[in-house]
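# Geometric and topological summary
Here is how the chains run, residue by residue.
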Amino acid sequence: MERIELDEAMLQGQAEIWRYMYSFAEAMALKSAVELRIADIIHSNGGAATLSQIASCINGGLTSPDITSLARIMRLLIRRKIFTVHHPSDGGDLLYDLTHSSRWLLHDSEQTLAPIVLMNNHTWQMAPWHYFSQCVKEGGIAFKKAYGCELWDLASRNPDLNKLFNDGMACTAKIVTNAILSSYKQGLSSIGSLVDVGGGTGGLISEIVKTYPHMKGINFDLPHVVSMAPSYNGVSNIGGDMFHAIPNADAVIMKVLP
Ligand SMILES: C[S@@+](CC[C@H](N)C(=O)[O-])C[C@H]1O[C@@H](n2cnc3c(N)ncnc32)[C@H](O)[C@@H]1O
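All values derive from a computational prediction rather than experimental measurement. (Residues numbered from 1 in each chain as written. Predicted model: local features only at pLDDT ≥ 70, side-chain atom pairs only at ≥ 80, totals over all residues. Heavy atoms only, no water.)

## Quick notes on the sheet that holds strand 2 (residues 83-86)
Worth spelling out the cut-off: Any two strands between which DSSP finds at least two bridges are classified as paired. Only DSSP runs of H or I covering at least 4 residues are called helices, and only runs of E covering at least 2 are called strands; the numbering of each starts at the N terminus. The contact criterion used throughout is that any non-hydrogen atoms of two residues lie within 4.5 Å. Angles here are taken between N-to-C directions and fall from 0 to 180 degrees, while the axes themselves are lines fitted to C-alpha atoms, restricted in helices to the stretch in contact.
Read across the open sheet, the 3 strands follow the order 1-3-2; overall the sheet is antiparallel. Whereas interior strands pair on both sides, the edge strands pair on one side only; in this sheet they are strand 1 (48-49) and strand 2. As defined by bridge partners, strand 2 adjoins strand 3 (residues 95-98) across 4 bridges and the pair is classed as antiparallel. Within strand 3, the residue paired with Phe83 across the bridge is Leu98. Running over the sheet, helix 5 (residues 67-79) touches strand 2 and strand 3 and is turned about 105° from strand 2.

In structure tokens form, the structure reads like this:
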């Protein structure tokens, strides 16, 4: 490689390291946008809002947000195409708008990723990532190294973590439910009873039973999780440990299990 080419390649390599060093900033900006409900504010403003309109709605208008911090977060998220911005034709203030990505951040939408963004980027979930190299050196589970126990044990003792985790999982279940229902019609119609093992708060099994009302559905998960499950017609919630026993049924469904 020529000297100039080598210098250029090394410079490029250095830029990549700087990029990855700060890549957490994108996840944190995304999490902030969800916490501040920026997508919801823009949506309820008819699909476009100025920075001061967004700021005036943050926290229900009860506090006076720092516009400079808000502008910095928005600048990063616009570069990452989470939001867009355009100059209005009348020359007024910049208008911030949703993109196909930020539509997934709307809290009250039927299909939303907002709860799992909050869950995956919470300090509780971030701490174990700092134990990656230790896992390589000595093996083991990163979560256990950070907290001295498994996620399920910590969640059973911490109602806030339990809710954060269950809400995060439930929103992803809603998203895949349609795909399962539309692509596995024949299989499901011939089943009399179905148990969702590790079914969380029962979102998936309840939708399956709604579509196949002849079916008896069982949502099976750890006791602290099923205690938070709403009651759905045709679904019984059973708490237990799948490593000891699972309820009897014609078939078992398992989605995203440890
Ligand atoms: C990643 S979540 C998936 C939840 C749900 N299936 C979904 O996809 O939304 C894993 C689930 O397994 C449950 N789980 C973990 N260990 C379990 C055990 N020993 N017995 C029963 N459920 C367990 C957790 O409580 C959690 O709800």
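## Examining the site of the ligand
To be explicit about the condition: Proximity is defined per residue: if any heavy atom of the residue lies within 4 Å of a molecule or strand, that residue is considered near it. Throughout this description, a polar contact denotes any pair of N or O atoms lying within 3.5 Å of each other; where both atoms belong to protein, one of them has to be capable of donating a hydrogen while the other can accept it, and for residues adjacent in sequence the pair is counted only when both atoms sit in side chains. Method for areas: the Shrake-Rupley scheme with a 1.4 Å probe, in which residue coverage is limited to the protein chains shown. As a working rule, the residues Ala, Val, Leu, Ile, Met, Phe, Trp, Tyr, Cys and Pro are called nonpolar, Asp, Glu, Lys and Arg charged, and the rest polar, with Gly in that last group.
Around the ligand lies a shell of 17 residues, among which Gly198, Asp221, Asp241, Met242 and Lys255 are the nearest. Within the contact set of the ligand, a nitrogen atom lies 2.8 Å away from a backbone nitrogen or oxygen of Met242. At 2.4 Å, a side-chain N or O of Lys255 approaches an oxygen atom of the ligand. When isolated, the ligand has an accessible area of 590 Å², and the protein chains bury 94% of it. It is helix 11 (residues 159-183) that provides the largest number of residues to the shell around the ligand, a total of 3 residues. Class assignment for the residues of the shell around the ligand results in 11 nonpolar, 3 polar and 3 charged.

## A look at the nonpolar core
Heads up, the condition is: Put simply, buried Ala, Val, Leu, Ile, Met, Phe, Trp, Tyr and Cys residues joined by side-chain atoms within 4.5 Å make one nonpolar core. Think of it in three bands: with a 1.4 Å probe and only protein chains considered, a residue is buried below 20% of the maximum accessible area for its type, exposed above 50%, and partly exposed in between.
Ile38, Ile42, Ile54, Leu70, Met74 and Phe83 are the most contacted members of the largest nonpolar core, which totals 23 residues. When residues no more than four places from it in sequence are discounted, the contact partners of Ile54 are Ile38, Ile41, Ile42, Ala49, Leu70, Met74 and Tyr96. In terms of nonpolar packing, the next biggest core, distinct from the first, is built from 13 residues, Leu188, Leu194, Ile205 and Tyr212 among them.

## Describing the domain arrangement of the protein
Definition in use: Domain segmentation is taken from an automatic or database assignment of domains.
According to the domain assignment, the protein consists of domain 1 (8-106) and domain 2 (177-253). Placing the centre of domain 1 and that of domain 2 at their C-alpha centroids yields a distance of 38 Å.

## Focus on the pairing of strand 4 (residues 193-197)
Definition in use: Crossovers are described as right-handed under a simple rule: with the strands pointing away from the observer, the path leading from the first strand over the helix to the second runs clockwise.
Burial of strand 4 is extensive: 5 of the 5 residues sit out of reach of the surface. Burial along strand 4 is two-sided: the face carrying Ser193, Val195 and Val197 and the face carrying Leu194 and Asp196 are both buried. Looking at chain direction, strand 4 and strand 5 (residues 216-221) are connected through 5 bridges and run parallel. Bridging from a neighbouring strand, Val195 pairs with Ile218 of strand 5. Crossover connection from strand 4 via helix 13 (residues 203-211) to parallel strand 5: handedness right-handed.

## Considering the packing of helix 11 against helix 13
Two packed helices can be described by the angle between their axes and the distance between those axes. Put simply, the rule reads: The crossing is said to be left-handed when, going from far helix to near helix, the turn is anticlockwise and less than a right angle, and right-handed when the turn is clockwise.
As a packed pair, helix 11 and helix 13 sit with axes 10 Å apart at the nearest point and diverge in direction by 35°. Pair helix 11 / helix 13 crosses with right-handed handedness. The residues of helix 13 that touch helix 11, namely those facing Thr177, Ile180 and Leu181, are Leu204, Glu207, Ile208 and Thr211. Among the residues forming the contact of helix 11 with helix 13, the class breakdown is 4 nonpolar, 2 polar and 1 charged.

## Examining the pattern of salt bridges
Two side chains bearing opposite charge may form a pair once their charged atoms approach each other closely. Keep this limit in mind: For this document, the term salt bridge refers to a Lys or Arg side-chain nitrogen within 4 Å of an Asp or Glu carboxyl oxygen.
Taken as a whole, this structure holds 7 salt bridges when the rule is applied. With a shortest N-O distance of 3.3 Å, Glu16 and Arg19 are connected by a salt bridge. One end of the pair, Glu16, and the other, Arg19, are both in helix 1 (residues 3-21), 3 residues apart, so they sit about a helical turn from each other. Given the relative accessible area of 28%, Glu16 is considered partly exposed. The partner of Glu26 in a salt bridge is Arg80, with the nearest N and O atoms 2.6 Å apart. Here the residue Glu26 occupies a position in helix 2 (residues 24-35), and Arg80 occupies one in the loop between helix 5 and strand 2, the gap between them amounting to 54 residues. When its relative accessible area of 40% is taken as the criterion, Arg80 is described as partly exposed.

## Some thoughts on the confidence of the model for the protein
To keep it simple, the criterion reads: Residue-level confidence of the predictor is what pLDDT reports, using numbers from 0 through 100.
Scored by pLDDT, the protein comes out at a mean of 95, with 100% of its residues at no less than 70. Across the interface, the model reports ipTM at 0.99; the global pTM reads 0.92.

## A few points about the state of the cysteines
What makes a disulfide is a covalent bond joining the sulfur atoms belonging to two cysteines. For the record, the criterion: Any two cysteine sulfur atoms lying within 2.5 Å of each other are counted as a disulfide.
Counted under the stated rule, the structure contains 0 disulfides. Cys149 forms no disulfide, and the closest cysteine sulfur to it belongs to Cys135, at a distance of 15 Å.

## Here we look at the UniProt feature "domain: O-methyltransferase dimerisation" (unreviewed entry) in the protein
Going by this rule: UniProt positions are given in the numbering used here, feature names are shortened, and annotations may be inferred rather than shown by experiment.
Residues annotated in UniProt with the feature "domain: O-methyltransferase dimerisation" (unreviewed entry) correspond here to residues 18-107. Across residues 18-107, the secondary structure splits into 48% helix and 11% strand, with the terminal C-alpha atoms separated by 33 Å.

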